[in-house]
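# Architecture at a glance
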Amino acid sequence: MLEVKLHDIGEGMTEGEIIHYLVKVGDTVKTDQPLVEVQTDKMVAELTSPCSGVIKEIIIEAGETVHVGTSLIYIEADDKTSNKEHAVQPKVAKETLKQSVQPKVESTATSISSFNRVLAAPYTRKIAREHDINIEDVKASDPSGRVTEEDVYRFINGSQSSEQTEVVSNQKSVTTDVSNITPDEIPFKGIRKKIAEKMTKSLFTIPHVTHFDEINMTNLFKMRQEMKATGESVSVSAFLVKALVICLKDFPIFNAELDEENSRILLKKNYHIGMATNTEAGLIVPVIHDADKMSIKDIHKEVKALTEKAISGKLQPFEMQNSTFTVSNVGPLGSTGATPIINYPETALIAFHKTKKQPIVNEQNEIVIGHIMTLSMAFDHRVADGATAVAFTNRLASLIEHPNKLMMEMI
């Protein structure tokens, strides 16, 4: 008999919430077949079967939060994959394992033996479970088929179309006491709680200073238009990331980490750029690893792929680890300024804000319309000083305002 345990799937996690079982007792499974979905602090992960065999027992119910090392499932392995080192006595172990389960604060949905992979963020799934709703019954309003939290609340309040309600009733009877629902109460756990813990640690550990500056984006926009005319489309973010890597090489103090315990500043030799991404579940930071070794076009593709994974909740643990410097591109959201919190234990974070058309004076002393982007750079004042931050953003502005310089730096 083999046991499937909750193991650490990234960044030193200590616990996880059991979301869905993808199998039921009596099912025959194959090696590496997904068995259960687990919500960690940052993502939804699948635990797979270590062998081929038959599911004999599911120990922990869906909705429970358990510690790493807790056994979840017992599998009777077939002769080909049986491993004596994993053999256990389920009836003896079960009572001990149950003690590691944290008590539930609120009632949750019952375990689902079969699961249709509906597109929905972890937080949306939580709302559905906490109201005892099968998310498979909720119709997505988004053309992509993704179920949002608004869709779930509409389902709760009975505002779906009569046609859909009839379909749902044929699939499964759903009974919800609307009078007892308080949709303005949001559970403070999972990704949201992890964000809060990390932001609090950063703000109360690092003496933040925020430096503001402007960059003239006119020439870069012109270059992008010329590229588009030849069939090449590259995002502004890709240019900004490439320019940042060059600046970090010139100012390594911002690609660093303070080791207070050993009284030293660690200058990182890798350039792993975190891209703060707004998702339905909260702020996620996928990482462009070794950005210094990538072309602008490659960075563009990587940013796009990581963003899509972050929004759909499909990021792997390694895709969110080991960032050395973080970027927050909030301009598309309409932001004009902010005092961002550093992604601890990094030394600095830069936020790119809205680009506006406004009158500027060109090199011929003529008043023309230019594209001006504001930025804010937060840095650890224990590690760097204001003058260094100003020099850093001046260097960045020089590369972006004169894209030919940026091209020359990559030769």
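Relevant structure appears above.
The following refers to the structure shown.

## Regarding the sheet that holds strand E3 (residues 28–29)
- An order of E1-E8-E6-E3 is seen for the four strands of this open sheet, with the pairing classed as antiparallel. The two strands at the open ends of the sheet, each matched to only one other strand, are strand E1 (2–5) and E3.
- Both E3 and strand E6 (residues 53–58) contribute to a ladder of two bridges, which runs antiparallel. Across the sheet, the residue bridging to Thr28 is Val54, located in E6.

## A few points about the nonpolar core
- Ranked by internal contacts, the top residues of the largest apolar core, which has 76 residues, are Leu72, Phe254, Phe325 and Leu396.
- For this core, the element with the highest residue contribution is helix H7 (residues 236–250), accounting for 11 residues.
- Among residues more than four places away in sequence, those in contact with Phe325 are Leu244, Leu248, Phe254, Asn255, His272, Ile273, Gly274, Glu346, Ala348, Leu349, Ile350 and Phe392.
- One finds Ile135, Val138, Tyr153 and Ile156 within the second-largest nonpolar core, a separate group that totals 11 residues.

## Observations concerning unusual backbone geometry
- That bond from Tyr344 to Pro345 is cis: its omega, 10°, falls within 30 degrees of zero.
- Within the secondary structure, Pro345 is located in the loop between strand E15 (325–329) and strand E16 (348–361).
- Positive phi, close to 55°, is recorded for Asp290, a residue that is not glycine.
- Of note, Asp290 is situated in the loop between strand E14 (287–288) and helix H8 (296–312).
- With relative accessibility at 26%, the residue Asp290 sits in the partly exposed group.
- Residue Asn322 is not a glycine yet carries a positive backbone phi of 70°.
- Relative to the helices and strands, Asn322 is located in the loop between H8 and E15.
- Since its relative accessible area comes to 55%, Asn322 is described here as exposed.

## Examining the packing of aromatic side chains
- Under the criterion given, the structure shown has four aromatic pairs.
- Judged by centre distance (5.9 Å) and plane angle (70°), the rings of Phe251 and Phe392 are edge-to-face. Taken together, the residues span a long stretch of sequence, with Phe251 in the loop between H7 and strand E10 (256–259) and Phe392 in helix H9 (residues 386–401) at a distance of 141 residues. Of the two residues examined, Phe251 and Phe392, each falls in the buried class.
- An angle of 75° between the planes, with centres 6.4 Å apart, marks the rings of Phe254 and Phe379 as edge-to-face. A residue pair is termed long-range when its members are at least 10 positions apart, and Phe254 in the loop between H7 and E10 and Phe379 in strand E17 (residues 367–380) qualify at 125 residues. Here the two residues Phe254 and Phe379 agree in accessibility, since each one is buried.
- Following the ring pairs from residue to residue traces out a cluster consisting of Phe251, Phe254, Phe325, Phe379 and Phe392.
- Above the plane of the ring of Tyr271 lies Lys249, whose end atom (NZ or CZ) is 5.6 Å from the centre.

## Some words on the side chain of Ser52
- Structurally, Ser52 can be placed in the loop between strand E5 (44–48) and E6.
- Residue Ser52 is classed as buried on the basis of its relative accessible area of 15%.

## Section: the sheet that holds strand E7 (residues 65–67)
- One open sheet holds the four strands; their spatial order is E5-E4-E2-E7, and the pairing between them is antiparallel. Bordering the open sheet on either side are E5 and E7, each of which pairs with just one other strand. The average angle at which neighbouring strand axes cross in this sheet is 45°, direction not considered.
- Bridge count for strand E4 (residues 34–39) against E5 is five bridges, and the pairing is antiparallel. Looking across to E5, one finds that Val36 is bridged to Leu47.

Thresholds, definitions, all that
Residues numbered from 1 in each chain as written. Predicted model: local features only at pLDDT ≥ 70, side-chain atom pairs only at ≥ 80, totals over all residues. Heavy atoms only, no water. Pairing = 2+ DSSP bridges. Helix = DSSP H or I, 4+ residues; strand = E, 2+ residues; numbered from the N terminus. Core = buried A, V, L, I, M, F, W, Y, C linked by side-chain atoms within 4.5 Å. Buried < 20%, exposed > 50% of the residue type's maximum accessible area, 1.4 Å probe, protein only. Contact = heavy atoms within 4.5 Å. Phe/Tyr/Trp six-rings, centres within 6.5 Å; stacked < 30°, edge-to-face > 60°. Lys NZ or Arg CZ within 6 Å of the ring centre and 35° of its normal. Axes fitted to C-alpha atoms, helices over the stretch in contact; angles between N-to-C directions.

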